[in-house]
Each structure stands twice: as structure tokens, then as C-alpha cells.
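Observations on chain architecture
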Amino acid sequence: MKCPEIPLCPRQRVRFVDSHLHLDASDSPLAVASARAAGVVLLACGVDRETSERVISFATGAPGTVEAFVGVHPSEAEKERDLSWFPQSLERARGAGEVGLDPTYSSTGEGSAQLVAFTAQLGAAERQGAPVQVHSRGAESQVLDVLGSFRTGPLLMHWLEREDVLPAVLQRGYYVSFSPALLYSKKLQRLARRCDPALTLVESDSPVSYGPLGGVHGPALVPSVAFRLAELWGLPPREVLAQTARNALRFLGGDSKG
Ligand SMILES: [Zn+2]
């Protein structure tokens, strides 16, 4: 089967978009070079100041292949209490991410480092109209409450796992992304069946590796996720791969229709 190609700009064709991943220092130059050669777009997120600077430099070196999202991940909020760098960093990036709340790491209560960091970053994203990639594991309802006070650019609930919040998420027009865990997780498959194809993205969350898939990781897994979605929705795989790529470009603020 021939892969679909989506026009991103007159000089570039896109085969698929990995809508959420992290680029580490060691093997990333190779990952970026392979993505560029294959026509793959990578939406790369930082988790702290240092990794945010790194994704910006990857994006600068590979325009049209790497789109930089900068931010402080819930796991790093205690360490990164000084966020004075963030607004300027966001100006040089495509959007904010990975930001959010997760009680696995530390408190998400009133006055907590996580909540302060999340709201500060949403405030900056609102001022700049930037798209935002949100982590909400274990704090989905609280995250939705907080998001209700901000008007940022397009919003992605990355790797959403809670089916009961899906109606509210879709009603607000937020995007939802699926990782390769969709290939074996019955819970994610149930959630995906109820998802709106026009608001669905696909991701690898690299360098996360997937034990049930033999420990593999990386953007090359992304088409399999689209193929599994196609099966769940009863749609042609090629159409779903193209649709998720168009959705990702729309999330970025492009004018891709459909
Ligand atoms: Zn991530």
C-alpha cells in the first residue's frame, strides 16, 4: 500500500505526524534525520528548561520536521520552581508542552509546585495563543477544571486514559492522542471507539518503550496506532493515517482542512 502524503507547504510532503515525543541528547540526531528523510513530522516536547532548549535547537536545525513544544512536566515541577525563562522560550517554540498535573510525582493541591507551574504556563500560552500539550494522568478532572479558566490555542490531551471525562474533552474541542499502548490496551480501545476521528492524533511518546510489543519505541510505531484506530472505527487505514496527520497540522495552527 502506498503511504498517503499530506501537503504541509508547497515544498514539503508529510507521510505521518508523531504528535507527542521527547528527543533525548544521544540518539535524537539520528531520529530527526530519519524523520526528515521519511517525510515524518515530530511534535517534540520538553520536560524542563534544559530539554525545552534542546527541542528548540532540534526544531531550528530541522524546520518542518521538528516542531518544538516547551514546558515543565509535572515530574519536574518541584525542581523547576523558577519559570522566568518560560515565556521567552515559548516565543521561540511552536507551543507549550508537556505541561499538566500528575499526583504520582507530588502534590497537585492549592499552592503546590505542580499547580503553580501548570497555571503559569497556561497563562503564557493564553497570552501567546499557543497550542498546548497536556499531561493529565490521575488528575483528569482537576486538569479540566484548571483548563476551564484559560483560553489557550488548540489543546491536546496527550495519552488520555479516562473514558468518563472524554465527553467533556470532546465537547470543548480538545484533541486526544493515542500511543502504541492502543495496540494491546482494552481500556484505550474502548476509549478510542468513542473518540471523534476529527479530534484524534497519534503519538509514540518516545523514548517510552512498550513491553507487550517487545520493548520497542520510536516514531516508526505511529502508523500501527493509526491502523488500529482504523480497525476500531471501521475506516480505511490510509484514510485514518491521513486524517490524523491533517488533525495534527490543524492542532499546530496550520490551515489543513478536514
Ligand atoms: Zn511525554
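For the structure itself, look to the data block above.
A short tour of the structure in this document, coming up. (Residues numbered from 1 in each chain as written. Predicted model: local features only at pLDDT ≥ 70, side-chain atom pairs only at ≥ 80, totals over all residues. Heavy atoms only, no water.)

1. Considerations on the overall build of the protein chain
Heads up, the rule is: Numbering of helices and strands runs from the N terminus; a helix is a DSSP stretch of H or I covering at least four residues, while a strand is a stretch of E covering at least two. Accessibility here uses a 1.4 Å probe with only protein chains present; expressed as a share of the type maximum, an area under 20% marks a residue as buried, one over 50% as exposed, and anything in between as partly exposed. It only takes one pair of heavy atoms within 4.5 Å for two residues to be counted as in contact. Under the convention used here, a 1.4 Å probe and the Shrake-Rupley method define accessible areas, while residue burial counts only the protein chains that appear. Think of it this way: Lys and Arg go in the positive column, Asp and Glu in the negative one, and His and the chain ends go nowhere. Every charge is mapped to an atom, namely NZ of Lys, CZ of Arg, CG of Asp or CD of Glu.
Counting its regular elements, the protein chain contains nine helices and ten strands. In terms of overall dimensions, the protein chain has a C-alpha envelope of 55 × 40 × 35 Å along the principal axes. Counting the 258 residues in the protein chain, one finds 56% classified as buried. Expressed as a percentage of contacts within the protein chain between residues at least 6 apart in sequence, the contacts between residues at least 24 apart total 65%. Summed over all atoms, the accessible surface of the protein chain reaches about 10900 Å², with 52% contributed by carbon and sulfur. The distance from the centre of the 26 positive side-chain charges to the centre of the 28 negative ones in the protein chain is 7 Å.

2. Quick look at the pattern of salt bridges
Two side chains carrying opposite charge are able to pair once their charged atoms lie near each other. For clarity, the cut-off: In what follows, salt bridge is the name for a side-chain nitrogen of Lys or Arg lying within 4 Å of a carboxyl oxygen of Asp or Glu.
Scanning the model with the defined rule gives twelve salt bridges in all. Here Lys79 ties to Asp48 by a salt bridge, and the two come within 2.8 Å at their closest N and O atoms. Of this pair, Lys79 sits in the loop between strand E5 (66–70) and helix H3 (86–91) while Asp48 sits in the loop between strand E4 (40–45) and helix H2 (49–61), and the two are 31 residues apart along the sequence. Measuring nitrogen to oxygen at the nearest pair gives 3.2 Å for the salt bridge that ties Arg194 to Glu163. Highlighted residues: Arg194 in the loop between helix H7 (186–193) and strand E10 (200–202) and Glu163 in the loop between strand E8 (155–157) and helix H6 (166–171), separated in sequence by 31 residues. A relative accessible area of 44% means that Arg194 is categorised as partly exposed. Residues joined in a network through salt bridges with shared partners are Asp48, Glu76 and Lys79.

3. Considerations on the coordination of the zinc ion
The line we're drawing: Coordinating N, O and S atoms are those within 2.8 Å of the metal (3.2 Å for Na, K and Ca), and as water is not part of the atoms, a site may appear to have fewer donors than expected. Each label reflects the angles at the metal, where four donors whose angles all fall between 85 and 135 degrees are tetrahedral, four or six donors whose opposite pairs open beyond 155 degrees and whose other angles stay between 65 and 115 are square planar or octahedral respectively, and the rest are irregular.
Surrounding the zinc ion are the protein donor atoms His20 (NE2), His22 (NE2), Glu98 (OE) and Asp205 (OD), which sit 2.1 to 2.4 Å from the metal. Metal-centred angles of 86 to 175 degrees between the four donor atoms at the zinc ion mark the site as irregular. Mapping the donors of the zinc ion onto the primary sequence gives the spacing H-x1-H-x75-E-x106-D. Separated by 185 residues along the polypeptide, His20 in strand E3 (residues 16–21) and Asp205 in the loop between E10 and helix H8 (222–233) bring together distant segments of the chain. You'll find His20 and Asp205 in the same group, each marked buried.

4. Quick notes on H8
Quick note on the threshold: Expected span of a helix: the number of residues minus one, times 1.5 Å.
Given a rise of 1.5 Å per residue, twelve residues ought to cover 16 Å, and the 17 Å separating the end C-alpha atoms of H8 matches this to within 8%. Counting buried positions over the twelve residues of H8 gives nine, a clear majority of the element. On the buried face of H8, the contacting elements are E3, strand E9 (175–178), H7, E10 and helix H9 (237–251).

5. As for the pairing of strand E7 (residues 132–135)
Formally: One bridge is not enough; two strands pair if DSSP finds at least two bridges between them. Orient the strands so they point away from the viewer; a crossover is then right-handed if the path from the first strand over the helix to the second runs clockwise.
On E7, burial covers both faces: Val132 and Val134 on one face and Gln133 and His135 on the other are all buried. Of the pairings in the sheet, the one linking strand E6 (residues 95–100) to E7 comprises three bridges and is parallel in character. Each bridged residue has a counterpart across the sheet, and for Ala96 the counterpart in E7 is Val132. Of the crossover connections in this fold, the one passing from E6 over helix H4 (residues 113–128) to the parallel E7 is right-handed. Note that E7 and E8 share three bridges and pair parallel. Opposite Val134, over in E8, you have Met157 as the bridge partner. Note on the crossover from E7 through helix H5 (residues 140–147) to E8: the handedness is right-handed.

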